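Tertiary structure, described
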Amino acid sequence: MAEIMRNQGVFAEGAPLPNDAKKMALGIMQVSNGLALVDAAVHRVEHNAKMVLAPTAEQRYVAVLSGQLLCMIGDECPPFNAGEVWWLANQEAVLINKSGDDAIFLEVIVKAYE
């Protein structure tokens with residue numbers, strides 16, 4: 001999986017996503033009834049590491065590809081398991097990897113109809 005991570009130094013910033021990740025991002029956009037795909041990127045969170053997702057003006061979805069993440073949003077901290085897709089709206093979220101291995105997720109930002 002490491003070879004598909006655009007933002008981890010394997011691909012240059014702004015490089016296109018691999019076909020499978022792009023298809024998944026477009027599928028999430030369709031299911032969410034989005035107007036346009038703003039951005040999509042594959043991220044890796046190392047064991048016992050955190051990643052902060054800053055608030056965005058658009059709708060954010062997280063598809064966990066492998067591992068398990070805890071997501072701190074305000075007072076809540078639900079587990080995000082592999083195979084699940086979560087809607088984070090436009091809130092700040094902190095993803096924490098408490099699984100034994102690295103966790104990999106696809107972040108999809110979609111412009112919603114107003």
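Now for a look at the structure at hand. (Residues numbered from 1 in each chain as written. Predicted model: local features only at pLDDT ≥ 70, side-chain atom pairs only at ≥ 80, totals over all residues. Heavy atoms only, no water.)

Considerations on the nonpolar core
Counting 14 residues, the largest nonpolar core has Leu-69, Phe-80, Leu-88 and Phe-105 as its most contacted members. If you list the elements that add at least two residues to this core, you get strand E2 (50-53), strand E3 (59-66), strand E4 (68-72), strand E7 (93-97) and strand E8 (103-111). (Core = buried A, V, L, I, M, F, W, Y, C linked by side-chain atoms within 4.5 Å. Buried < 20%, exposed > 50% of the residue type's maximum accessible area, 1.4 Å probe, protein only. Helix = DSSP H or I, 4+ residues; strand = E, 2+ residues; numbered from the N terminus.)

Side note on the sheet that holds E4
Spatial strand order, E2-E7-E4-E5: four strands in an open sheet with antiparallel pairing. The strands lining the two open edges of the sheet, one partner per strand, are E2 and strand E5 (79-81). Looking at each pair of strands side by side, their axes are set apart by 25° on average, direction ignored. Here E4 runs beside E5; their pairing, made up of three bridges, is antiparallel. Bridging from a neighbouring strand, Leu-70 pairs with Pro-79 of E5. (Pairing = 2+ DSSP bridges. Axes fitted to C-alpha atoms, helices over the stretch in contact; angles between N-to-C directions.)

Considering the packing of aromatic side chains
Taken as a whole, this structure holds one aromatic pair when the rule is applied. Between the aromatic rings of Phe-80 and Trp-86, the centroid separation amounts to 4.3 Å while the plane-to-plane angle is 10°, which identifies the pairing as stacked. (Phe/Tyr/Trp six-rings, centres within 6.5 Å; stacked < 30°, edge-to-face > 60°.)

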